Amino acid sequence: MSGTIAKPDRLTCAPSRAARELDLKRGEFDLAVNLGLIRTVPGEGGGGRRVARAELDRLRAEDGFPDALRERVATAGTNEGAKLLDVTPTRFTSLARFGLLVPVRFYLNRYRTVAWLYLAEELRQFAAEESNARLLTGRVPAEMRERLKTGLDRRPRNWRGRHIGFLLRQAGDDPWAHAAAVACLLDPADVAEVVADPYERDHLNRCRPRLPAHGAPGSPAADRAQELMTASEPDEVAWFRADLAHTMETARRRHPAPRPAPEQAPEHVRAAGQVPDPGQGPAPTSAPEPIAAPAKHRPVPPDHASSHGLLGWLRRRGRRPTG
């Protein structure tokens, strides 16, 4: 044959290679992907996601490359963010705890203290809006002061709300990927209650997206990060559980989870009636272990701010963070 067919790996490149070609640090690249600034495609053979060469060409052809792209993913901590808003770090933290500033990333320092990071572009936009002027100068609004005195801190929940949006964007229209994205932010006990079938939970685990790593597995830092990445407020947990249940119904109809034939299933699974007729999919090499339902230790959050107060005013203005 005189023609040449380009290999898939020549039309795409790995994230590490793409980050170098876009002159981005790996953390900046990952954030750009999460924000939808860089489009990715599934890797061949079930590998990780890759970036098409055409996408790299598109980004390099944009005005101001690479500085403009870097500016859109620039982040700021409390001190840098306070300078962008021209407020004290204490005022900045109050605004973030109340939920008006939504973090996009976090890390744990050497003392395992959580450091939240915010998009610098969003902070500049917040400071530029005239309607926010009263939040940046003078006394902190009374409702905010009272709510903060009770220990209110919406930063973890706002991060989770934002991150589930990132995960669902990557999941696309695949219901199993959607369900796995929701499940990874739930306590395993909640997942086990919603998805009783161990084979379905096993399939969910195989579809599970990668969450940000913070320390070695099992380390105090990793445990603390896992706590922050797990839904804890009752209404938030209820929302995730309802979404997981609804999406699982779609996933079951479209593509049931693989499971062995009835005679190959473990006795305790057959006794529970969890193995349907054969022919629903390839059998796994071994039956998945049932997920234990650990005890739940969820703090009871303070009541939400009144819908007629400052938070309600902000929600009406569309500032409630969403995915």
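Here, the structure is the one placed above.
All residue numbers refer to position in the chain's written sequence, counted from 1. Reporting of local features is limited, given that this is a predicted model, to residues whose pLDDT is at least 70; pairs of side-chain atoms are given and counted only at 80 or more, and all residues count toward the totals for whole chains, interfaces and linings. Side-chain numbers here rest on the full set of heavy atoms in the structure, without hydrogens or water.

**Student:** Looking at this structure, I do not really get helix α6 (residues 78-85). What am I missing?
**Tutor:** Only protein chains enter the accessibility calculation, which uses a 1.4 Å probe; a residue is then buried when its area is under 20% of its type maximum, exposed when over 50%, and partly exposed in between. Elements are defined by DSSP. Helices are runs of H or I of four residues or more, strands are runs of E of two residues or more, and each kind is numbered from the N terminus. Within the span of α6, buried status applies to G81, A82 and L85. In an axial view of α6, the angular spread of the buried residues amounts to 105°, which keeps them on one side of the axis. Any two residues whose heavy atoms approach within 4.5 Å are treated as being in contact. On its buried side, α6 packs onto β3 (75-76), α7 (89-97), α8 (120-128) and α9 (133-136). Directly after α6, the chain includes D86, whose backbone phi takes a positive value near 60°. The arc in question is the one traced by the directions running from the helix axis out to the C-beta atoms.

**Student:** Would you mind showing me how to read the packing of α6 against α8 here?
**Tutor:** For any two helices packed against each other, the geometry comes down to the angle between their axes and how far apart the axes lie. Axes here mean lines fitted to C-alpha atoms, for a helix over just the part in contact, with angles spanning 0 to 180 degrees between N-to-C directions. Packing of α6 against α8 leaves a shortest axis separation of 9 Å and a crossing angle of 35°. Relative to α8, the crossing made by α6 is right-handed. Note on element contacts: α8 touches α6 through A120, L123, R124, F126 and A127, opposite G81, L84 and L85. Each residue is assigned to one class: nonpolar for Ala, Val, Leu, Ile, Met, Phe, Trp, Tyr, Cys and Pro, charged for Asp, Glu, Lys and Arg, and polar for all the others, Gly among them. Class assignment of the residues belonging to the contact of α6 with α8 gives a composition of six nonpolar, one polar and one charged. Handedness of a helix crossing follows the sense of rotation of the near helix relative to the far helix, less than a right angle counterclockwise being left-handed and clockwise being right-handed.

**Student:** What's the story with the packing of aromatic side chains in this structure? I'm lost.
**Tutor:** Here the distance between the centres and the angle between the planes together describe a pair of aromatic rings. Each aromatic pair joins two rings of Phe, Tyr and Trp (for Trp, the six-membered one) with centres within 6.5 Å, and gets the label stacked for planes under 30 degrees apart, edge-to-face for over 60, and tilted for any other angle. Scanning all chains against the criterion turns up four aromatic pairs. Plain terms: the ring middles of F106 and W159 are 5.2 Å apart, the flat faces sit at 80° to each other, and that makes the pair edge-to-face. Of this pair, F106 sits in strand β4 (residues 105-108) while W159 sits in helix α11 (residues 155-171), and the two are 53 residues apart along the sequence. Here F106 matches W159 in class, with each residue buried. Through a chain of ring-to-ring contacts, three or more aromatic side chains come together here, namely F106, W116 and W159. Residue placement shows R154 over the ring face of F98; its charged tip is 5.4 Å from the ring centre. Over a ring means this: the NZ of a Lys or the CZ of an Arg is within 6 Å of the ring centre and within 35 degrees of the ring normal.

**Student:** What exactly am I supposed to notice about the layout of surface pockets here?
**Tutor:** Regions of empty space are outlined by a rolling probe, equal in size to a water molecule, passed over the atoms. Here a cavity means grid points, on a 1 Å grid over the protein atoms only, where a 1.4 Å probe fits yet cannot get out; a pocket means an open set of points with protein on both sides within 12 Å along at least five of seven lines; lining residues are those with an atom within 4 Å of a point. Grid points are joined across faces, edges and corners, and a volume is the space filled by probe spheres set on the points. Within this model, the largest pocket holds a volume of roughly 1,300 Å³. For the largest pocket, the lining is made up of 45 residues, of which N34, L167, Q170, P209 and R210 are closest to its centre. Elements with a contribution of two residues or more to the lining of the largest pocket: α3 (26-34), β4, α11, α12 (175-183) and α14 (198-207). Of the residues forming the lining of the largest pocket, the biggest block, seven residues, is contributed by α3. The residue makeup of the lining of the largest pocket, split by class, is 23 nonpolar, 12 polar and 10 charged.

**Student:** How should I be thinking about the pairing of β4 in this particular structure?
**Tutor:** A regular strand places its side chains on the two faces of the sheet in alternate fashion. Burial along β4 is one-sided: F106 and L108 are buried, and none of R105 and Y107, which face the opposite way, are. Strand pairing is assigned whenever DSSP detects at least two bridges linking the two strands. The pairing of β4 with strand β5 (residues 114-119) spans four bridges and is classified as antiparallel. Considered in β5, the bridge of Y107 is made with A115. Counted along the chain from β4 to the antiparallel partner β5, the turn is five residues long, and its residue R112 has a positive phi close to 60°.

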